[in-house]
Amino acid sequence: MSEIALKQQIQNLKKHNARLLRIARDAKSKLSAALDGTGLCLWQLDIPSGKLIIFNRRWGAMLGYQPKALSAHFDVWREHLHPEDKQRVLDAFYSHLEGSAPYYEALHRMLHKNGTVSWVLDRGRVSEWDVDGKPLKVTGTHIDMTKEKQYEEQLSLLANHDPLTGLANRHALLKHFAQMREDDAMCVAFIDLDDFKAVNDRFGHRCGDELLIQLSQRLREACPPGSVVGRLGGDEFVLLLPCSLNSLLVWSTAHNCLRAALTPFELVSGIASVGASIGINEVLAEDDFSGALLRADLSMYQIKHTGKNGAAIGQTLISLSGEDSTLDAIPRHEIAHRRL
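In this report, we go over the structure that sits alongside the text. (Residues numbered from 1 in each chain as written. Predicted model: local features only at pLDDT ≥ 70, side-chain atom pairs only at ≥ 80, totals over all residues. Heavy atoms only, no water.)

Here we look at the packing of helix H5 (residues 170-180) against helix H9 (residues 289-305)
Then comes step 1: At a minimum axis separation of 10 Å, H5 and H9 run at an interaxial angle of 105 degrees. Considered as vectors, H5 and H9 are oriented roughly perpendicular to each other. Between H5 and H9, the contacting residues are Arg 170, Leu 173, Leu 174 and Phe 177 on the first element and Phe 289, Ser 290, Ala 292 and Leu 293 on the second.
Then comes step 2: Here the residues of the contact of H5 with H9 are counted per class, giving 6 nonpolar, 1 polar and 1 charged. (Axes fitted to C-alpha atoms, helices over the stretch in contact; angles between N-to-C directions. Helix = DSSP H or I, 4+ residues; strand = E, 2+ residues; numbered from the N terminus. Parallel < 35°, antiparallel > 145°, perpendicular 65-115°, else oblique. Contact = heavy atoms within 4.5 Å. Nonpolar A, V, L, I, M, F, W, Y, C, P; charged D, E, K, R; others polar.)

Rendered as structure tokens:
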């Protein structure tokens, strides 16, 4: 081959190589853009050196660091693992390297520069071995799952909490009831506000909602530790109290809840006042949630029947004045129309 022909061939090879490099850069750019849009990051770990290659996103970007402010290295990644997840994640990673697991996978938290937490789904597999069969490189992906986790938490909140007051809803009360009854004695209190409709009629439903929000906070503060405060809807509230009916905590809680309801509420449109009828009864061994709630409602209805604004602890009626009396239970047929 002549010298001219050789130079021409070399020139052609250089042009072809330049073309292949442009194609590779273009493909990498398009892949990076596509993956960044999904929150997916490709990585490769060189095990002997600990160096991490991030193919489409600069290391540290998802943790709030500027480009190149955080070195892409296994030790740096390990340092940013959430303390509560760290051992579990490392165990999963080394389990794969040792051949005990077919791949590495872990959903875990990482510490963000601003003090918040990012959720990451990591997956990886050994992609290269040395002549002795020891792993040299691990290739994998990580996906930013923070938004998905936040959405999951919001769904959980909606599923177990009243959207207006943040108190436990009926679904959550059922779960708490099942858990608490496994312990010692427990009481259920049913609270129905008196004259709440007058507040809505006078000030409007928005102010009525504000009153319920304020009352919810007062009820939380009125209950002893370990109690669960819930709202069934409207102006009906339920308390799960971790004590027996003859406990002084029940009596003090009844008084505190009455004061919480009877103390005037400062609303945007003015001062509003309501009252409360409270019924408290102990949970029996054979009670399910509906049965226990029904008996608390029976006790509460004694107060409604005798003039409102008081509490019935079993068959004993109390008021803020401290006077009490004992009445016969109202016949069940008189309250059968009430929906629980």
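Okay, back to it.
Points about the pairing of strand E2 (residues 51-54)
Then comes step 1: Where burial is concerned, the two faces of E2 differ: the one with Leu 52 and Ile 54 is buried and the one with Lys 51 and Ile 53 is not.
Then comes step 2: Strand direction decides the pairing type here: strand E1 (residues 40-46) and E2, joined by 4 bridges, are antiparallel. Bridge pairing links Trp 43 to Ile 54 in E2.
Then comes step 3: Two successive antiparallel strands, E1 and E2, enclose a turn made up of 4 residues, where Gly 50 displays a positive phi of approximately 80 degrees. (Buried < 20%, exposed > 50% of the residue type's maximum accessible area, 1.4 Å probe, protein only. Pairing = 2+ DSSP bridges.)

Some remarks on the side chain of Ser 118
Then comes step 1: Within the secondary structure, Ser 118 sits in strand E4 (residues 117-129).
Then comes step 2: Ser 118 sits in the buried class, given a relative accessible area of 5%.
Then comes step 3: Residue contacts for Ser 118: discarding those within four places in its chain leaves Met 62, Leu 63, His 108, Arg 109, Met 110, His 112 and Thr 146.

Description of the nonpolar core
Note on soluble globular proteins: their nonpolar side chains tend to be buried together.
Then comes step 1: Leu 193, Leu 211 and Ile 280 are the most contacted members of the largest nonpolar core, which has 36 residues in total.
Then comes step 2: Mapped onto this core, the elements with two or more residues apiece are strand E6 (187-194), helix H6 (196-203), helix H7 (205-222), strand E8 (236-241), helix H8 (248-262), strand E9 (265-267), strand E11 (275-282) and strand E12 (310-313).
Then comes step 3: Dropping the residues within four chain positions of it, Ile 280 is found in contact with Cys 187, Val 188, Ala 189, Leu 245, Val 250, Ala 254, Ala 296, Ser 299, Ala 312, Ile 313 and Gly 314.
Then comes step 4: Membership of the second largest hydrophobic core comes to 22 residues, among which are Cys 41, Met 62, Tyr 104 and Val 120. (Core = buried A, V, L, I, M, F, W, Y, C linked by side-chain atoms within 4.5 Å.)

Some details on the pairing of E6
Then comes step 1: For E6, the buried fraction is high: 8 of the 8 residues fall into the buried class.
Then comes step 2: Burial along E6 is two-sided: the face carrying Cys 187, Ala 189, Ile 191 and Leu 193 and the face carrying Val 188, Phe 190, Asp 192 and Asp 194 are both buried.
Then comes step 3: The pairing of E6 with E8 spans 6 bridges and is classified as antiparallel. Along E8, the bridge assignment pairs Cys 187 with Leu 241.

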